[in-house]
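Survey of secondary and tertiary structure
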Amino acid sequence: MSSQGVLRPGHVIIRVLDIQEAREYYVNVLGLIETDQDADGKVYLKAWDEHDHHSVVLQEADVPGLEVMAFKVTDDATLKNLTEKIENFGIKTEIFASNTHLATGERVRFTAPTGHVFELYAYKELVGNGMPVVNPGVKAPNLKGIHPNNFDHCALIGDDVDGSYRLFVDVLGFQLTERVMAGENMIAAFLSCSNKPHDVAFIHAPVKGKLHHVSFAVDSWAHVLNAADKIAESEVPHEIGPTRHGITRGETIYFFDPSGNRNEIFSGGYLWYPDRPALTWTADELPKALFFHERKLSETFLSVMT
Ligand code: FE
């Protein structure tokens, strides 16, 4: 967890254009498990190895993109403490009572300088990962599609990368693991609250609150390859990969959900510890930083966002 008690990415609310089409894709192709639906028609899903009630919520809307990214914190005292710290940093917070979001405790909402809406919460109902906690086995039965283990991270695009960086590092206790510098300007910041090389990333563009991608973790390079097979078989719009990032060293493939939201399947990357030095890439090395094998930029990768 972060030095201020942020445990991990908890869930993401994704705006989709057609809820039935999105549900079909997220359940049967991506292979998430549907756990609930609320009175507004939002669909709640989890990756198989997560124990909490949900990590992805699909919300029908006129435009695709990110509605909310939420982080789980250790306990109620941490939630209260972080709320004060965010206010003291100069960002307004809004508190939502327990169960105003399905199966979830009290939530604190705020908007980061890049225009993204975040929430913190300390409690979510446990539904388990499909295996017992005593003598559990290694994989839940009857998984569909790509079936990643976990929701891993989001990459988000906005204009004030430095502002969101300061909020996440100075207030929420995240650490910078890697950055891309164009001269004196930080044009991308990769931030961790865990042992992962990133839990959230901010990328600069002159826009507010845009989504670059939502990423899901698998065990191995072989599972990234399996994901590529499933993407091709299912005629899912494919963008790049399987390949490897320079940044994080992760193995990756990018593709799009039916609403045009970019998804990633991600594997590997190094273990992050707080005493490890942050890495810097210079903008002239950006092609290698993004796609280490190809060493060239994908035009859509830098321009398509939701
Ligand atoms: Fe990613």
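Residues numbered from 1 in each chain as written. Predicted model: local features only at pLDDT ≥ 70, side-chain atom pairs only at ≥ 80, totals over all residues. Heavy atoms only, no water.

Structural notes on the domain arrangement of the chain
To be explicit about the condition: Note that the domain bounds were set by an automatic or database domain assignment. By definition, residues are in contact when any of their heavy atoms lie within 4.5 Å. Once two parts are put together, the accessible area they lose, assessed with a 1.4 Å probe and summed over both, is termed the buried area. Within this document, salt bridges are pairs made up of a side-chain nitrogen of Lys or Arg and a carboxyl oxygen of Asp or Glu, the two lying within 4 Å of each other. We call two N or O atoms a polar contact when they sit within 3.5 Å, provided that within protein one can donate a hydrogen and the other can accept it, with sequence-adjacent residues counted only if both atoms are side-chain atoms. Strands are runs of DSSP state E lasting at least two residues, helices are runs of H or I lasting at least four, and both sets are numbered from the N terminus onward. We call Asp, Glu, Lys and Arg charged. Ala, Val, Leu, Ile, Met, Phe, Trp, Tyr, Cys and Pro are nonpolar, and the rest, Gly among them, are polar.
Annotation of the chain at the domain level lists domain 1 (6-121) and domain 2 (152-290). Put simply, the middle of domain 1 and the middle of domain 2, counted by C-alpha atoms, are 19 Å apart. Taken residue by residue, the interface counts 36 residues in domain 1 and 39 residues in domain 2. Together, the buried faces of domain 1 and domain 2 total about 2800 Å²; carbon and sulfur atoms form 74% of this surface. On the surface where domain 1 and domain 2 come into contact, there are zero salt bridges. Our count for the domain 1 to domain 2 interface comes out at ten residue pairs in polar contact (both at pLDDT 80 or more). Secondary-structure elements contributing two or more residues to the side of domain 1 that touches domain 2 are β1 (6-16), α1 (19-29), β5 (65-73), α2 (76-88) and β8 (117-121). The leading source of residues in the side of domain 1 that touches domain 2 is β1, at eight residues. Of the residues assigned to the side of domain 1 that touches domain 2, the class counts are 26 nonpolar, five polar and five charged.

Thoughts on the pairing of strand β11 (residues 185-192)
As a reminder of what qualifies: Per-residue accessibility, obtained with a 1.4 Å probe over protein chains only, is compared with the maximum for each type, and a residue is labelled buried under 20%, exposed over 50%, and partly exposed between these values. Strands pair, by our definition, only if DSSP identifies at least two bridges between them.
Counting buried residues along β11, six of its eight residues qualify, which places the element largely inside the surrounding structure. In textbook terms, the turn of a hairpin is the stretch between consecutive antiparallel strands, and for strand β10 (residues 175-182) and β11 this stretch comprises two residues, one of which, Gly 183, has a positive phi near 65°. Examined bridge by bridge, β11 and strand β12 (residues 200-204) share four bridges and lie antiparallel to one another. The residue of β12 that forms the bridge with Phe 190 is Ala 201.

Focus: the coordination of the iron ion
Formally: Donor atoms (N, O, S) are those found within 2.8 Å of the metal centre, with the cutoff raised to 3.2 Å for Na, K and Ca; water is not part of the atom list, so apparent gaps in a site can occur.
All of the protein donors around the iron ion are His 153 (NE2), His 213 (NE2) and Glu 264 (OE); their distances to the metal are 2.1 to 2.2 Å. Between the donor residues of the iron ion, the gaps in sequence give the motif H-x59-H-x50-E. Placement of His 153 in strand β9 (residues 150-158) and of His 213 in strand β13 (residues 210-217) is noted, with a sequence separation of 60 residues between them. Classification of His 153 as buried rests on a relative accessible area of 0%.

Digging into the pattern of salt bridges
Under the criterion given, the structure shown has 14 salt bridges. Measuring nitrogen to oxygen at the nearest pair gives 2.8 Å for the salt bridge that ties Arg 23 to Glu 34. With a gap of eleven residues between them, Arg 23 in helix α1 and Glu 34 in strand β2 (residues 33-37) connect regions that are remote in the sequence. Between Lys 72 and Asp 52 there is a salt bridge, and its shortest N-O distance comes to 2.9 Å. On the criterion of sequence distance, the pair formed by Lys 72 in strand β5 and Asp 52 in the loop between β3 (43-46) and β4 (56-60) is long-range, its members being 20 residues apart.

Section: helix α4 (residues 221-233)
For the record, the criterion: Multiplying 1.5 Å by the helix residue count minus one yields the expected span of that helix. The directions from the helix axis to the C-beta atoms form the arc being described.
In this model, α4 (13 residues) spans 19 Å end to end at C-alpha, consistent with the 18 Å of a helix rising 1.5 Å per residue. When we look at burial in α4, the residues that qualify are His 223, Val 224, Ala 227, Ala 228 and Ile 231. Buried residues in α4, looked at end-on, bunch into an arc of 155°, giving them a common side. Exposed and oriented more than 90 degrees from the buried face of α4 are Ala 232 and Glu 233. Those residues of α4 that are buried are in contact with β14 (238-244), β15 (250-256) and β16 (262-268). Glu 235 sits one or two residues past α4 and shows a positive phi near 60°.

Focus: the sheet that holds β15
This is how the line gets drawn: With axes taken as lines fitted to C-alpha atoms, and helix axes fitted only over the stretch in contact, angles between N-to-C directions fall between 0 and 180 degrees.
Spatially, nine strands are ordered β14-β15-β16-β13-β9-β12-β11-β10-β17 in an open sheet, and the strand pairing comes out mixed. Each end of this open sheet is capped by a strand with a single partner; those strands are β14 and β17 (279-282). Taken pair by pair, the neighbouring strands of this sheet meet at an average axis angle of 20°, ignoring direction. Direction of pairing for β10 relative to β17: parallel, over a ladder of four bridges. Across the sheet, Met 181 pairs through a bridge with Thr 282, a residue of β17. On top of the sheet, helix α3 (residues 161-171) reaches β9, β10, β11 and β12; it is set at about 30° to β11, its chief contact.

Focus on the nonpolar core
One recurring pattern in soluble globular proteins is that nonpolar side chains are buried together. The condition is simple: We call a set of buried residues a nonpolar core when its members are Ala, Val, Leu, Ile, Met, Phe, Trp, Tyr or Cys and they connect through side-chain atoms within 4.5 Å of each other.
In terms of nonpolar packing, the biggest core is built from 61 residues, with Leu 58, Phe 168, Leu 172 and Ile 265 touching the most fellow members. With six residues, the top contributor of residues to this core is α1. Per-domain counts for this core show at least three residues from each of domain 1 (6-121) and domain 2 (152-290). With 14 residues, the next largest nonpolar core counts Ala 201, Ile 240, Tyr 254 and Phe 301 among its residues.

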